[in-house]
Amino acid sequence: MPRKPADADLAKQLQNPISSLISLPFQNNFDVGGGFGGDGFRYTLNVQPVVPISLTKDWNLISRTIVPIVYQNDILPPEVLGNDVGDDNDQFGLGDVVQSLFFSPAGGKVTWGVGPVFLLPTATRQVLGAQKFGVGPTAVALTQEGPWTIGMLANHIWSVAGDGDRADVSLTFL
């Protein structure tokens, strides 16, 4: 059955990470063969609600949150065992939340937004998070041509506070 124009518009908005729709995407990540011994496994389900807020007729604030739910096995080196891990060397829980806020003009051929990104130490187990607060810049730009969505989302986070015994955070995402 051919798509109606409204269906095509909705499909485009669903592909746009800062569209005017409230959306709740889920992202599955499987990492195999990592960890200390090279035979570890990590599964992360990122729950990523996107909520647009109209500030004025010309500007929007887009909230994009990433809440990671993590299961990992045989990732940690032996010296970490016994410190916040089970006897079978697996861990399950929430990771650190990343909160992005994009200030974005309403309309235009190229959709773009800029703003701050925050790292919140919400991990339910020490080994699933950085134990640091972080902050930095974030930006997104994209265009939609026919069935294609082409663009980039980028941010960089530096730690600004948190557990002094943990390594500082300096993390780029593209």
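Scroll up to find the structure this text is about.
Residues numbered from 1 in each chain as written. Predicted model: local features only at pLDDT ≥ 70, side-chain atom pairs only at ≥ 80, totals over all residues. Heavy atoms only, no water.

Focus on the environment of I157
And step 1. You can see I157 is positioned in strand 9 (residues 148-162).
And step 2. Between the C-alpha atom of I157 and that of F118, which follows or precedes it by 39 residues, the distance is 7.2 Å.
And step 3. With residues near it in sequence (within four places) discarded, I157 still touches V98, V117, L119, G134, V135, V169, S170 and L171. (Helix = DSSP H or I, 4+ residues; strand = E, 2+ residues; numbered from the N terminus. Contact = heavy atoms within 4.5 Å.)

Points about the packing of aromatic side chains
The relation between two aromatic rings is expressed through the spacing of the ring centres and the mutual angle of the planes.
And step 1. All chains considered together, the criterion is met by four aromatic pairs.
And step 2. Between the aromatic rings of F41 and Y71, the centroid separation amounts to 6.4 Å while the plane-to-plane angle is 50°, which identifies the pairing as tilted. With F41 in strand 2 (residues 40-47) and Y71 in strand 4 (residues 59-73), this residue pair connects regions lying 30 residues apart in the sequence.
And step 3. F41 sits in the partly exposed class, given a relative accessible area of 29%.
And step 4. On the basis of relative accessibility, which here comes to 28%, the residue Y71 falls in the partly exposed class. (Phe/Tyr/Trp six-rings, centres within 6.5 Å; stacked < 30°, edge-to-face > 60°. Buried < 20%, exposed > 50% of the residue type's maximum accessible area, 1.4 Å probe, protein only.)

Observations regarding the pattern of salt bridges
And step 1. Scanning all chains against the criterion turns up three salt bridges.
And step 2. D58 is the salt-bridge partner of K57, the closest N and O atoms lying 3.6 Å from each other.
And step 3. Here K57 falls in the exposed class, since its relative accessible area comes to 72%.
And step 4. With its nearest N and O atoms 2.6 Å apart, the salt bridge here joins E145 to K109. With E145 in strand 8 (residues 132-145) and K109 in the loop between strand 6 (97-105) and strand 7 (110-120), the pair connects residues that are 36 residues apart, well separated along the chain. (Salt bridge = Lys/Arg side-chain N within 4 Å of Asp/Glu carboxyl O.)

Some points on the environment of G136
And step 1. You can see G136 is positioned in strand 8.
And step 2. Along the chain, G136 and V160 lie 24 residues apart, while their C-alpha atoms are 9.7 Å from each other.
And step 3. Setting aside anything within four residues of it in sequence, one finds G136 in contact with G115, P116, V117, H156 and W158.

All we've got here are geometric facts, nothing functional implied.
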